[in-house]
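Observations on chain architecture
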Amino acid sequence: MKNFQKAKLKKKQIRLRRVRARVFGTDQRPRAAVFRSHKHFSIQLINDEQGTTLAQVNDRELKTKKGMKKIEIAKAVGELLGDKALKLGVKKIVFDRRANKYHGRVKAAAEGLRSKGLEF
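Residues numbered from 1 in each chain as written. Predicted model: local features only at pLDDT ≥ 70, side-chain atom pairs only at ≥ 80, totals over all residues. Heavy atoms only, no water.

**Considering the overall build of the protein chain**
Keep this limit in mind: By definition, any uninterrupted DSSP run of H or I lasting at least four residues is a helix, any uninterrupted run of E lasting at least two residues is a strand, and each is numbered from the N terminus. Two things to know: the radius of gyration comes from C-alpha atoms, and the globule rule equals 2.2 Å times the number of residues to the power 0.38. Each residue is placed in one exposure class: buried if its accessible area under a 1.4 Å probe, protein chains only, is under 20% of its type's maximum, exposed if it is over 50%, and partly exposed if it falls in between. Here, residues are in contact when the closest pair of their heavy atoms is within 4.5 Å. All accessibility values rest on the Shrake-Rupley procedure with a 1.4 Å probe; residue burial counts only the protein chains present in the view. For the purpose of counting charges, residues Lys and Arg are taken to be positive, whereas Asp and Glu are taken to be negative. His and the chain ends are not included. Charge positions come from single atoms, namely NZ of Lys, CZ of Arg, CG of Asp or CD of Glu.
Looking only at helices and strands, one finds three helices and four strands in the protein chain. Sequence-ordered secondary structure for the protein chain, helices as α and strands as β, is α-β-β-β-α-β-α. By the compact-globule yardstick of 14 Å for 120 residues, the protein chain fits well, its C-alpha radius of gyration being 15 Å. For the protein chain, with 120 residues in total, the buried portion stands at 36%. If you take every contact in the protein chain between residues at least 6 apart in sequence, the share linking residues at least 24 apart comes to 58%. In the form shown here, the protein chain has an accessible surface area of approximately 8,000 Å², with 51% of it arising from carbon and sulfur atoms. In the protein chain, which carries 33 positive and 11 negative side-chain charges, the distance between the mean positions of the two groups comes to 11 Å.

**Re the layout of surface pockets**
Keep this limit in mind: Lining residues are those with an atom within 4 Å of a point, where the points come from a 1 Å grid over the protein atoms alone and group into cavities, where a 1.4 Å probe fits but cannot get out, or pockets, open sets with protein on both sides within 12 Å along at least five of seven lines. Grid points are joined across faces, edges and corners, and a volume is the space filled by probe spheres set on the points. Asp, Glu, Lys and Arg are counted as charged, while Ala, Val, Leu, Ile, Met, Phe, Trp, Tyr, Cys and Pro are counted as nonpolar; the rest, among them Gly, fall into the polar class.
Each pocket or cavity is described by its volume, and for the largest pocket that value is around 350 Å³. For the largest pocket, the lining is made up of 13 residues, of which Lys12, Phe35, Arg36, Ser37 and Asn100 are closest to its centre. Broken down by secondary-structure element, the contributors of at least two residues to the lining of the largest pocket are α1 (3-22) and β1 (31-36). Of the residues forming the lining of the largest pocket, the biggest block, four residues, is contributed by α1. Its residues placed into classes, the lining of the largest pocket shows four nonpolar, three polar and six charged.

**Let's talk about the packing of helix α2 (residues 70-88) against helix α3 (residues 105-115)**
So the rule is basically this: To obtain an axis, a line is fitted to C-alpha atoms, over the contacting stretch when the element is a helix, and the angle between two such axes runs from 0 to 180 degrees between their N-to-C directions. Handedness of a helix crossing follows the sense of rotation of the near helix relative to the far helix, less than a right angle counterclockwise being left-handed and clockwise being right-handed.
Close contact between α2 and α3 brings their axes to 7 Å; oriented N to C, the two are set at 35°. Considering only the axes of α2 and α3, their crossing is right-handed. Facing α2, whose interface residues are Lys70, Ile71, Ala74, Lys75, Gly78, Glu79, Leu81 and Gly82, α3 presents Arg105, Ala108, Ala109, Gly112, Leu113 and Ser115.

**So, α3**
Among all positions in α3, only Arg105, Val106, Ala108, Ala109, Ala110, Gly112 and Leu113 are buried. Of the residues flanking the end of α3, it is Gly117, one or two places downstream, whose phi is positive at about 100°.

**Here we look at the pairing of strand β2 (residues 41-47)**
Each regular strand carries side chains that alternate between the two faces of the sheet. The criterion, for reference: One bridge is not enough; two strands pair if DSSP finds at least two bridges between them.
Buried residues dominate β2, accounting for six of its seven residues. What sits between β1 and β2 in their antiparallel hairpin is a turn of four residues. Across six bridges, β2 lies against strand β3 (residues 52-58) in antiparallel orientation. Bridging across to β3, Ser42 finds its partner in Asn58.

Put into structure tokens, the structure is as follows:
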């Protein structure tokens, strides 16, 4: 690895540890962890006490995403996870943005979760 790649990865790991030190999911308030890559977007509901994933959604589960922008896809993924969470009886969550800034696709996913009635 080049030096700038190592430095970039190290900064990302520091941001991730900083966020995870504050965010912890329980049975009543699971953690909604966001994963964002260049092509895909996914969110998981995680119970950190037991170390289990309660529900997960990714953009491949959407019926139609042709012609949609990445931000619209992220919001649809958030709404889909909101529906699954309500079926599980979850009304409150803890939002884990991981090493990402809270803007763009991450913010759109949070708005999608909130539109289904979940509280952060």
